[in-house]
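# A closer look at the structure
Chain by chain, the residues run as shown.
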Amino acid sequence: MKHLFSLIAVILCSISAMAHYSIHSATPGVKIESSGKSSDATKGTEIKANDFLVIPDGGVVEIYNDLDKNIYKSLSSGKISVTRLMIDAKKMASDNSKNVASRLRLKKDGGSESEGEKIYVEKGMVRRSLAVFDPEADNLQVNSRSLGRMIARFINSSDSTGFNDVAVNISKGTVDSIGVFFRIVNTLEFPVYFNVLKFDNTPQQGLRKVEISMLGQPDGSYVLLPGQAMTRESFSALPSDERHLLVVTHVRYDLDEVVDETGNAISNPEATDQAPKFPLMIMEL
């Protein structure tokens, strides 16, 4: 039995060392060290996971992995195993992806400021629970004035384009023929925040009343982590003289402040024209 286990171990080691990798490209001078022998790294040469690559200063080598169909590029010079090279390359790609996602979320360019107005402002000390949920933006909040202007622009305009810059999946419909529901799925790599407001469909004396919707959250905002979904339903019909707006952002916002700023901006069309653009989705329910 002991000999059988030893034989199985040898077979497994042999299988793991089989060549599933090859040189995709290499600059001159890159060497392959395998079983004590050294050879030039040329395109198409098969290599094993436990082989070593010797990369001169300024040299670069790329490995093709037939198992996952990906190409892994060396990050530095020196002697490195095939396995270690792929691990380092994969980690670097993952870190870069996260950095790109972070820049897209909290971008500081491309219209994130208007006339010196900051889109994301620090809000002092944050509850520990939020810091655990969203450490990257735990002390940030969307500028209520900026968000209020954008919501007012949506309300005052018949054109809803330009308000779908948060790439989450949203569906909506009716419940028992008279009620309403919406479902939001976070497909991003960071949390998203949302809430629901309502405003009069028929303004009184030119003024619209803006309030928190019965579908909304009166204390703070809803937050969805990556890979989460939430459904909100009302079995009662929404009043015909009201419009309800779902507002989704990359960073949390104070709905009470936003309601006040939206009301101010609605009565000041010039303010809505100056509203800065930032990642935002507004959808009427």
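As the structure is a computational prediction, the values presented were derived from the model and not from experiment.

About the cut-offs
- Residues numbered from 1 in each chain as written.
- Predicted model: local features only at pLDDT ≥ 70, side-chain atom pairs only at ≥ 80, totals over all residues.
- Heavy atoms only, no water.
- pLDDT = per-residue confidence, 0-100.
- Contact = heavy atoms within 4.5 Å.
- Helix = DSSP H or I, 4+ residues; strand = E, 2+ residues; numbered from the N terminus.
- Pairing = 2+ DSSP bridges.
- Core = buried A, V, L, I, M, F, W, Y, C linked by side-chain atoms within 4.5 Å.
- Buried < 20%, exposed > 50% of the residue type's maximum accessible area, 1.4 Å probe, protein only.
- Phe/Tyr/Trp six-rings, centres within 6.5 Å; stacked < 30°, edge-to-face > 60°.
- Lys NZ or Arg CZ within 6 Å of the ring centre and 35° of its normal.
- Polar contact = N/O pair within 3.5 Å; in protein donor to acceptor, adjacent residues only side chain to side chain.
- Axes fitted to C-alpha atoms, helices over the stretch in contact; angles between N-to-C directions.

### Considerations on the confidence of the model for the protein chain
Per-residue pLDDT for the protein chain has a mean of 78; in total, 75% of the residues score no lower than 70. When the criterion is pLDDT under 50, residues 4-17 qualifies, and its contacts beyond four places in sequence or with other chains add up to four contacts. Overall, residues 108-115 carries pLDDT values under 50, and its contacts beyond four positions in sequence, including any with other chains, amount to 11 contacts.

### What to know about unusual backbone geometry
A positive phi angle, near 55°, is found at Ser35, a position not held by glycine. Mapped onto the fold, Ser35 is located in the loop between β2 (31-34) and β3 (37-40).

### A look at the sheet that holds strand β7 (residues 70-73)
On the basis of which strands lie adjacent, the open sheet formed by four strands has the order β4-β1-β6-β7 and antiparallel pairing. In this open sheet, the two edge strands, each paired with only one partner strand, are β4 (46-47) and β7. Note: strand β1 (residues 21-26) against strand β6 (residues 61-65), five bridges, orientation antiparallel. Bridging across to β6, Ala26 finds its partner in Val61.

### Looking at the pairing of β1
Two elements, β1 and β4, share two bridges in a ladder whose sense is antiparallel. Residue pairing across strands places Ser22 opposite Glu46, the latter belonging to β4.

### Re the nonpolar core
The biggest cluster of nonpolar side chains holds 26 residues, and the ones touching the most others in it are Leu147, Ile151, Leu197, Leu245, Phe278 and Leu280. Put simply, the parts of the chain that give this core at least two residues each are β12 (140-142), α4 (144-156), β15 (192-200), β19 (242-249), α5 (255-266) and β20 (280-284). Sorting elements by how many residues they give to this core places α4 first, with six residues. Excluding residues that lie within four positions of it along the chain, Leu280 makes contacts with Leu147, Met150, Phe163, Asn164, Asp165, Val166, Val247, Val248 and Thr249.

### Some words on the packing of aromatic side chains
Going through the model one piece at a time under the given rule, you end up with two aromatic pairs. Geometrically, the ring pair formed by Phe182 and Phe194 is edge-to-face, given 6.2 Å between the ring centres and 85° between the ring planes. Note that Phe182 is positioned in strand β14 (residues 179-185) and Phe194 in strand β15, a separation of 12 residues in sequence. For Phe182, a relative accessible area of 1% gives the class buried. Cation over ring: Lys79 sits above Phe52, and NZ or CZ is 5.1 Å from the ring centre.

### Examining the environment of Asn195
Looking at the element boundaries, Asn195 is found in strand β15. Sequence spacing of Asn195 and Pro218 is 23 residues, and the spatial spacing of their C-alpha atoms is 8.7 Å. In contact with Asn195, other than residues within four places in its own chain, are Gly216, Gln217, Gly220, Ser221, Tyr222, Leu245, Leu246, Val247, Tyr253 and Leu255. Within polar-contact distance, the side chain of Asn195 engages the backbone nitrogen of Gln217 at 2.7 Å.

### Digging into the sheet that holds β2
Read across the sheet, four strands follow the order β3-β2-β5-β8 without closing on themselves; strand pairing throughout is antiparallel. For this open sheet the edge positions go to β3 and β8 (78-81), each flanked by a neighbour on one side alone. Strand-to-strand twist of the sheet, defined as the mean angle between neighbouring strand axes without regard to direction, takes the value 25°. As paired elements, β2 and strand β5 (residues 52-55) share three bridges and run antiparallel to each other. Bridging from a neighbouring strand, Lys31 pairs with Val54 of β5.

### Concerning the side chain of Ser144
Here Ser144 shows up in helix α4. Judged by relative accessible area, which is 7%, Ser144 ranks as buried. If sequence neighbours within four positions are ignored, Ser144 has contacts with Asp254, Glu257, Val258 and Glu261.

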